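# Remarks on the overall topology
Each chain, letter by letter, is given below.
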Amino acid sequence: MRRRIGIDVGGTNTDAVLLEDDRVLHAVKTPTTADVLTGVRLALESTARAMGSEPVQAVMIGTTHFVNAVVQRRDLAPVGALRIGLPASRSLPPFCDWPADLAALVRGQVHMVEGGHDYDGRPIMPLDERAVAAAARAMNAAGIACVAISSIFSPLDPAMEDRAAEILRAEMPGASITLSHDLGRIGLLERENVALLNACLAPLAQHTVQAFEEALRQAGIAAPLFITQNDGTVIRAELAARFPVLSFASGPTNSMRGAAFLTGLKNALVVDVGGTTSDVGALKAGFPREANAIVHVGGVRTLFRMPDLLSIGLGGGSHVEARDGRIAIGPRSVGFRLPELARIFGGPQLTTSDIAVRAGLLSLGEASRVADIADSFTRDTLAEAARMLEEAVDRMKTEATDVPLLAVGGGAFLVPDRLPGCSEVLRPAHAAVANAVGAAIAQVSGEADQVFQGMTRTEAMAAAERIARDRAVEAGADGATLSLVDIEDLPIAYLPGGALRVRARVVGEIAAG
Amino acid sequence: MREITIDEIESLAVGAWVLGTGGGGSPYLGLLNVRRLYAEGHRVQLMDPDELADDDMVAVVSNMGAPLVGQERLVDSATIGRAVTLMEEYLGRPFRAIMSVEIGGNNGVQPFLAAAETGKPVVDADAMGRAYPEAQMTSFAVGDLKPWPLSLVDPRGIEGIVAKVPSWKWMERLSRKMCVEVGSIAATCKAPRTGAEVKRWGILRTTTQAIKLGQAIRLAQKEHRDPVQAILAQEKGMLLFRGKIADIARRTTEGFLRGTVKLEGLDDSRGHTFELAFQNEWAVGWLDGVAQVMTPDLICVLDSVSGEAIGTEVARYGQRVTVVALPAPPVFLSPRGLDFVGPRAFGYDLDFRSVFA
C-alpha cells in the first residue's frame, strides 16, 4: 500500500488530497494565504487527521507561486548575468529583448567574457578565467547574490559553465548560481532567459520551499517533500528550490494529469475551461506533450521543458454578441467579475454563462433574467462554442483517429457531450481537486537534449537515453523503475557528419528513503 | 534615397520571413541587432537602384551557415560589417552601397546591419527575390556574372578571401568548407557588383516589396482582418490550398534539410490532399498527386489564422495552413533561369509551368 499527499497551491485556493494507491481517501480545499505557509499547513493538518496512524511515503506540492511572481513583477531579486562566448554574440547582451519594466527589476549587472563552444565541441575561445573572477568581484562588491551563467553551446559541453561556477563560488560564497545548461535547450538567448528568470526567483524559491517544509513539520508529517514540475513529474524539494522555473506550468500540467488519472486514461486530450480561456493539452502515455517552441513567460522568450497548451478565448465569462449576422464569443471576458457583470446577476453583459443558464446546462444566478433570450440565439451560441472547441481540439491532435476528451474547469458546461473528432467526452469525478491529484501521482523524470555527431542514429538515441536516466536518478528516482516515455530525433540542416539532435525523457518511481 | 524607420525594419522582418518560402532562417536575431543599432542612434538610408552610377561598387552580403548554430553564436552586426570592409581592403576601393543576396529570411535584414556599421546606404534590390539554398541560385549567376572574390569573417577575427573560382558551384563548395571550419556560421561579402550589373541583373526593389508586404500583414493583424488575404492582395498571389498538416518527413542530406509535408483539405479544399516537397525552402506542390506549383514560383505556407509564414524546420502536425503562390522574378522564367532554379535544379523531373501562366 502506498500513500501520498498531493497539494496544489493556486492563486485562490490551496487543495490537498490523500491518495492510497489509486483511491482518493480525503480531499480538502482551503483559501491560499498571503504567507503560503498557513494555507498549506491548514490543508496538511486536515489531511493528517484523515491519515490515522498509517504514514505517507511522500508529499508532493505544486505551486504557481513562482510564475505569478514573474507575471506580477514581485519578489524578484537583482541578477548578475555572466555570459561566456566572446567574441561571438557581443552585440546582443543578456536581457537584450526583455520587457523594460522587468529588466529594470532584474538586471543587476551584465558581464560577457571570452569562451564558449562550437557545435562540434571545439572551444570558440579558451575560457577567460581572470575575467570571470573579475566579474565575480564586481558582483560581490555590488551586493549581488544571484547569478545566471550562460555559455555558447553549453547543452553540448557544460564544462565552461561548470568551471565559471567554481570560480564564482570561491569569490562569492553563499551566492545562488544558475547554470543555463541545467535548464534550457539549444538557443542561447532563450536558454539564458530561462537561467536569468530562475536566478531572480532563487531567494523566493528558497523561502517558499522552507515554508512548505515548515508546514510539514508543524503538521507532524515526516515524509520527504517533492515539488511538481512543468512536465508532470517531481523533483526533491531541495533541488526544486534551485530550479523554480521548472514549476512554472505545474498548474495546468497537474490538472491534466489528475484528470487522466481520475478517468484511468493515459492518452487523451484535456480541455480546462476557465473564466476567460480554454486551455487544451494533450496527454501521451499519461504525460503532457511538450511544447517544442518558444513560450513567452511574463513577456520573456523562453525555450525549455513546458507543456504544449493551446489557449483560446472561450470561457464561462466570455462576452457573447451578434456580429455581422453571426454569433461571436470572446476573446473579451468579464473574468472574475462575473457575479456583478453577467445578466444572470443583474449585470449588463451577456456571457456564455447566461446562455448556459438559459439552456438549462448551468444553475447560477437568476434564470428569469435571461428568459427573454431566443431559443435560436441560445442554440447558435452553444454551437459556436462547440465549433471553437472542436477546432482547438483538432489542432492539438497528433493523429487523425478520434481520441477521448476530458473536460475540467469551472466552465466545462460549455463542452458538449459529443464533439466531432472525439471518441467520447468525460467529466471526471473529483474534478475540483484534479490538480492536487495530479501532484500526488507524480513520478520523477530525467531529460536529455543534445546534438550527437559521428554516431549512428541508434547509438545517438541510446546515448541520449543514458544521460536522461542518470539525471532522473539524481533527481530522486529509483533507477530500477525508470522507463523511456519520449524520444525524438531531428536531423540538423547544413551541419556535416550526419549531426542529429536527440531529445529523450525517462520517468520512474520515487526512490525509497 | 530615404531614411528607413525602425517600424519599417519591423515590417521588413515580417515580410522577409514570408518571402523566405519556408527557409532563410528567422529574421529575429537580425532584427534585434537593428533595434539596438537604432537605439544607439544609427540610421540607414535606402537607395533606389536607379540612383547607382554604372561604375559604383556594391557589396553583396549574407550570413552563411546553419540557422541552429546561429541560435547559439547569435548574429553580430560587427561581423557582417567587417566582411564589407575586408572586401574593400582587398579590392582597394570603397563600396558605394550594400545589398542583400537574398531578401527572404534573415538575410533580408543583414544589409541593414552592415549599413549601420559602415555608414553606407542599402540598395533596394537582391539576387533571389526570396530565399534559395545554394549560392549559384541567384540572378547574378543566371546573368553569368563572375562569382569571385568572396570575403568570409567570423567573430574570432578569422578572415578569409576566396580570390578566384571557375564557377558559382566552385564558390559554393569552397565557401561552404570555410564556413564549416569556422563553426558552420560566418558573415560573407560575396562577389561585388557594379552599379550597372545591379541595375541589369539585380531583382529590383525587393526591400520595398518586403516592407510593404510586412506592413500589409501587420495592419491586417491589427485590424483583425484576414492576413492571408492581405498577402494575396499585396503580392498579386494565388491561394492554392487550405488544410491542416497531416504528416511530415524530414531528413538531412548533403547539408540540406529535405522532406515532404502532407496536407488534408479544409474549407474549399475539403476532400482534397496537397503534398509539398522541400530543400530548406518549399520547392514543389502536388494537388491530389498532380504537380501544381513549383519553383521558381514562390510557394509560401502560412498560418491560416495569423498569416505568419511557417518554416520547413518548424512545420508540425495539426497546424492549420494556407498554401499560396507568389509570382517569381521574371529573370528566373527564361530557359537559362530555369536551369539554375527550376524544378530540375532540385532533382524533380518536371517541366516548369507557372500557376500564373
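Residues numbered from 1 in each chain as written. Chains lettered and ligands numbered in written order. Predicted model: local features only at pLDDT ≥ 70, side-chain atom pairs only at ≥ 80, totals over all residues.

Chain B appears in an unreviewed UniProt entry as DUF917 domain-containing protein from Neoroseomonas lacus.

Chain A has the name Hydantoinase in an unreviewed UniProt entry, where Neoroseomonas lacus is given as its organism.

## Quick word on the overall build of chain B
Counting its secondary structure elements, chain B contains 11 helices and 17 strands. Radius of gyration (C-alpha) of chain B: 19 Å, near the 21 Å computed for a compact globule of 357 residues. Overall size of chain B, expressed as C-alpha extent along the three principal axes, is 60 × 45 × 40 Å. Out of the 357 residues in chain B, the part that is buried amounts to 58%. Of all intrachain contacts in chain B linking residues separated by at least 6 positions in sequence, the fraction that spans at least 24 positions is 73%. (Helix = DSSP H or I, 4+ residues; strand = E, 2+ residues; numbered from the N terminus. Rg over C-alpha atoms; globule rule 2.2 N^0.38 Å. Buried ≥ 20, exposed ≤ 12 C-beta atoms within 10 Å, placed from the backbone. Contact = placed C-beta atoms within 7 Å.)

## Structural notes on the overall build of chain A
Each helix and strand in chain A was counted, giving 14 helices and 23 strands. Rg of the C-alpha trace for chain A: 24 Å, near the compact-globule value of 24 Å for 513 residues, within the 12% margin. Principal axes of the C-alpha set define a box for chain A whose edges measure 75 × 60 × 50 Å. For chain A, the residues scored as buried account for 54% of the 513 residues in total.

## Re the UniProt feature "domain: Hydantoinase A/oxoprolinase" (unreviewed entry) in chain A
The residues that UniProt annotates with the feature "domain: Hydantoinase A/oxoprolinase" (unreviewed entry) are residues 191-362 of chain A. Taken end to end, residues 191-362 of chain A comprises 33% helix and 27% strand; its first and last C-alpha atoms sit 45 Å apart. (UniProt positions renumbered as here; feature names shortened; annotations may be inferred.)

## Digging into the domain arrangement of chain B
Residue and element names in this part refer to chain B. Per the domain assignment, the segments of chain B are domain 1 (2-206) and domain 2 (225-346). On a C-alpha basis, the centroid separation for the pair domain 1 and domain 2 is 25 Å. Taken together, the contact pairs 18 residues of domain 1 with 21 residues of domain 2. Elements that contribute at least two residues to the side of domain 1 that touches domain 2 include exactly α1 (6-19) and α6 (139-142). Taken together, the residues that form the side of domain 1 that touches domain 2 break down as 10 nonpolar, seven polar and one charged. (Domains from an automatic or database assignment. Nonpolar A, V, L, I, M, F, W, Y, C, P; charged D, E, K, R; others polar.)

## Quick notes on the sheet that holds strand β7 (residues 146-151) of chain A
All names here are of chain A. With parallel pairing, the four strands of this open sheet are ordered in space as β6-β5-β7-β8. Of all the strands in the sheet, just β6 (107-114) and β8 (176-179) have a single pairing partner and so form its edges. Ignoring which end each strand starts from, the neighbouring axes of this sheet average 20° apart. As defined by bridge partners, strand β5 (residues 79-86) adjoins β6 across seven bridges and the pair is classed as parallel. Within the sheet, the bridge partner assigned to Leu-82 lies in β6 and is His-111. (Pairing = 2+ DSSP bridges. Axes fitted to C-alpha atoms, helices over the stretch in contact; angles between N-to-C directions.)

## A short note on the packing of α1(B) against helix α9 (residues 206-222) of chain B
All names here are of chain B. At a closest axis distance of 6 Å, the pairing of α1 and α9 adopts a crossing angle of 95°. With respect to α9, the axis of α1 lies roughly perpendicular. Counted together, Glu-8, Ser-11, Leu-12, Ala-13, Val-14, Gly-15, Ala-16, Val-18 and Leu-19 of α1 and Thr-207, Ala-210, Ile-211, Leu-213, Gly-214, Gln-215, Ile-217 and Arg-218 of α9 form the full contact between these two elements. Of the residues contributing to the contact of α1 with α9, the split by class is 10 nonpolar, five polar and two charged. (Parallel < 35°, antiparallel > 145°, perpendicular 65-115°, else oblique.)

## With respect to the domain arrangement of chain A
What the domain assignment lists for chain A is domain 1 (79-200), domain 2 (265-428) and domain 3 (443-508). Here the C-alpha centre of domain 3 of chain A lies 36 Å away from the C-alpha centre of domain 2 of chain A.

## Considerations on the interface of chain B and chain A
On the chain A side, the residues contacting the 32 residues of chain B number 28 residues. When residues of the side of chain B that touches chain A are traced back to their parent elements, those giving at least two are α2 (28-39), α3 (67-73), α4 (77-91), β11 (238-253) and β12 (256-265) of chain B. When residues of the side of chain B that touches chain A are assigned to their parent elements, the largest contribution, five residues, is made by α3(B).

## A closer look at helix α5 (residues 110-118) of chain B
For α5(B), the tally of buried residues reaches nine of nine residues, placing the bulk of the element in the interior. Phi turns positive, to about 75°, at Gly119(B), one or two residues after α5(B).

## Let's talk about the UniProt feature "domain: Hydantoinase/oxoprolinase N-terminal" (unreviewed entry) in chain A
Mapped onto this numbering, the UniProt entry annotates "domain: Hydantoinase/oxoprolinase N-terminal" (unreviewed entry) at residues 4-171 of chain A. In this annotation, residues 4-171 of chain A is assigned 33% helix and 30% strand; the end-to-end C-alpha distance for the span is 42 Å.

## Here's the deal with the environment of Ala186(B)
Residues and elements named next belong to chain B. Structurally, the position occupied by Ala-186 is in strand β9 (residues 185-194). Spatially, the C-alpha atom of Ala-186 lies 6.5 Å from that of Gly-65, the residues being 121 residues apart in sequence. The residues contacting Ala-186, other than those within four sequence positions of it, are Met-64, Gly-65, Leu-152, Val-153, Asp-154 and Cys-179.

## A closer look at the environment of Arg505(A)
Residue and element names in this part refer to chain A. Inspection of the secondary structure assignment puts Arg-505 in strand β23 (residues 500-508). Sequence separation of Arg-505 and Val-415 is 90 residues, and the distance between their C-alpha atoms is 33 Å. Setting aside residues no more than four positions away along its own chain, Arg-505 makes contact with Ser-445, Glu-447, Ala-468, Val-485 and Asp-486.

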